[in-house]
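# Secondary and tertiary structure notes
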Amino acid sequence: MLREMTQAVEIDGEKYQVRKMDVISATYLLKFLTQKLLPVFTEAQKLFLPEEAPVSAKKSRKKPDDNGADAFVALLPKLLDAISEEDLHHIIVKCLNYCDKSLPAGWQKVMTGESYGIKDIEYDLTTCLLLCYHCIVFNCGGFFGEGGSLFSLLGQSMKSPIL
């Protein structure tokens with residue numbers, strides 16, 4: 001069985017791909033997620049699953065609205081508070097180094113080291129953050145499994161029309 005080494009992503013009609021990280025980079029990312037973000041997402045489950053709900057009711061997620069927008073907006077400040085500027089910079093750079101954009105001449109790296117490889121992408125907050133999200137899910141999502149994982153909760157929130 002061949003390992004999937006890239007994943008196609010489309011953002012605002014533009015084609016991107018996210019590449020698999022090497023073991024050391026993926027382990028660093030996993031460590032960061034479990035140390036810094038897991039407590040935030042554990043708390044976020046309360047937005048989807050009230051404590052007083054019976055176990056059987058917890059299997060069907062409570063959604064504050066049709067697409068998770070309210071939950072995402074409520075979670076965002078806590079998520080950003082949990083991450084130092086240095087950590088945020090490091091994670092964004094790490095993730096964007098594993099993303100490419102499809103251009104007429106072929107695939108172009110979004111970032112190499114600390115340098116952006118796509119004109120003006122450093123000013124496109126939505127695209128950069130969505131690429132980071134896809135990179136994290138593609139490289140670490142399997143570790144957390146399906147269903148009630150932190151990526152499932154974030155995935156529900158990311159279907160928000162605010163993006």
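This text follows the structure it describes.
Just so you know, these numbers come straight off a predicted model, no measurement behind them. (Residues numbered from 1 in each chain as written. Predicted model: local features only at pLDDT ≥ 70, side-chain atom pairs only at ≥ 80, totals over all residues. Heavy atoms only, no water.)

## A word on the overall build of the chain
The number of helices and strands found in the chain is six helices and six strands. Residue burial in the chain is summarised as follows: out of 163 residues, 40% are buried. Accessible surface, the chain as shown: approximately 9,900 Å² in total, 56% of it carbon and sulfur. (Helix = DSSP H or I, 4+ residues; strand = E, 2+ residues; numbered from the N terminus. Buried < 20%, exposed > 50% of the residue type's maximum accessible area, 1.4 Å probe, protein only. Areas by Shrake-Rupley, 256 points an atom, 1.4 Å probe, with all protein chains shown as cover.)

## Regarding the nonpolar core
Within the largest apolar cluster, 31 residues are counted, with the highest numbers of intra-cluster contacts made by L29, C95, V110 and L131. Looking at this core, the elements that each hand over two or more residues are β1 (6-11), β2 (14-19), α1 (23-48), α4 (85-96) and α5 (125-144). Of all the elements, α5 adds the most residues to this core, at eight residues. When near neighbours in sequence (up to four residues on either side) are disregarded, L29 contacts M21, I91, C95, I136 and C140. (Core = buried A, V, L, I, M, F, W, Y, C linked by side-chain atoms within 4.5 Å. Contact = heavy atoms within 4.5 Å.)

## With respect to unusual backbone geometry
In this model, D12 sits at a positive phi of 50°, which is unusual for a non-glycine residue. Unlike most non-glycine residues, D120 shows phi in positive territory, near 65°. Positionally, D120 belongs in the loop between β6 (115-116) and α5. Residue D120 is classed as partly exposed on the basis of its relative accessible area of 41%.

## Re the pattern of salt bridges
For the structure on display, the rule yields three salt bridges. As a salt-bridge pair, E14 and K101 come within 3.5 Å of each other at their nearest N and O atoms. Of this pair, E14 sits in strand β2 while K101 sits in strand β3 (residues 99-103), and the two are 87 residues apart along the sequence. (Salt bridge = Lys/Arg side-chain N within 4 Å of Asp/Glu carboxyl O.)

## Structural notes on the pairing of β1
Direction of pairing for β1 relative to β2: antiparallel, over a ladder of six bridges. Across the sheet, T6 pairs through a bridge with R19, a residue of β2. In sequence, β1 turns back onto β2 through a hairpin of two residues, with D12 there showing a positive phi of about 50°. (Pairing = 2+ DSSP bridges.)

## Focus on the sheet that holds β1
Reading across the sheet, the four strands line up as β1-β2-β3-β4 and stay open at both edges, with antiparallel pairing between neighbours. Edge positions in the sheet fall to β1 and β4 (106-109), since each has one partner strand and no second. The mean inter-strand angle of the sheet, taken between neighbouring strand axes irrespective of direction, is 35°. Note: β3 against β4, four bridges, orientation antiparallel. Note that in β4 the partner of S102 across the bridge is W107. (Axes fitted to C-alpha atoms, helices over the stretch in contact; angles between N-to-C directions.)

## Observations concerning the packing of aromatic side chains
With the rule as written, the count across this model stands at zero aromatic pairs. Here the guanidinium or amino end of K20 rests over the ring plane of F138, the centre of that ring lying 4.4 Å away. (Phe/Tyr/Trp six-rings, centres within 6.5 Å; stacked < 30°, edge-to-face > 60°. Lys NZ or Arg CZ within 6 Å of the ring centre and 35° of its normal.)

## Quick notes on a nonpolar patch on the surface
Together, L76, L80 and L88 give the surface a local cluster of nonpolar side chains, amounting to about 220 Å² of exposed area. Structurally, L88 is set in helix α4. Look at L88 and you get partly exposed, because its relative accessible area is 30%. (Patch = residues over 30% accessible without salt bridge, like charges linked within 9 Å, V, L, I, M, F, W, Y side chains within 5 Å.)

## Observations concerning the side chain of K101
Using a relative accessible area of 13% as the deciding quantity, one classes K101 as buried. Discounting residues that sit within four places of it in the chain, K101 has contacts with E14, K15, Y16, G106, W107, Q108, V110 and I118.

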